[in-house]
Amino acid sequence: GPDTTPFVVRGNSFKSREQVRVVANVQGRHVKTVRATATGVFTVRFPVSVEVCTGYVVRATGSKGSHAYLRHLPECAED
């Protein structure tokens, strides 16, 4: 079948045990809230499968002021 993988977002450099709201725009809009570890790392899984050519935008906002933004628009993505 097509080359798909579950969509997993990993973050680091967040504040210790910060609550992080992660918004992923990939095959629709998905929102999850997770808590970073003591070392400021988090992993969140979204229930979508992405292909090599799938574009996505992810925004993570922490309760203590941390934030991250990730945008992936591959060359092979179709309009």
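So, a few notes on the structure that sits alongside this text. (Residues numbered from 1 in each chain as written. Predicted model: local features only at pLDDT ≥ 70, side-chain atom pairs only at ≥ 80, totals over all residues. Heavy atoms only, no water.)

### Here we look at the packing of aromatic side chains
- Evaluation of the coordinates by the stated rule reveals three aromatic pairs.
- Ring geometry for Phe7 versus Tyr56: centroids 4.8 Å apart, planes at 70 degrees, classification edge-to-face. Separated by 49 residues along the polypeptide, Phe7 in strand β1 (residues 4-11) and Tyr56 in strand β5 (residues 56-62) bring together distant segments of the chain.
- By relative accessible area, Phe7 is classed as buried at 5%.
- The class for Tyr56 is buried, based on a relative accessible area of 19%.
- Arranged with centres 5.1 Å apart and planes meeting at 80 degrees, the rings of Phe14 and Phe42 form a pair that is edge-to-face. (Phe/Tyr/Trp six-rings, centres within 6.5 Å; stacked < 30°, edge-to-face > 60°. Helix = DSSP H or I, 4+ residues; strand = E, 2+ residues; numbered from the N terminus. Buried < 20%, exposed > 50% of the residue type's maximum accessible area, 1.4 Å probe, protein only.)

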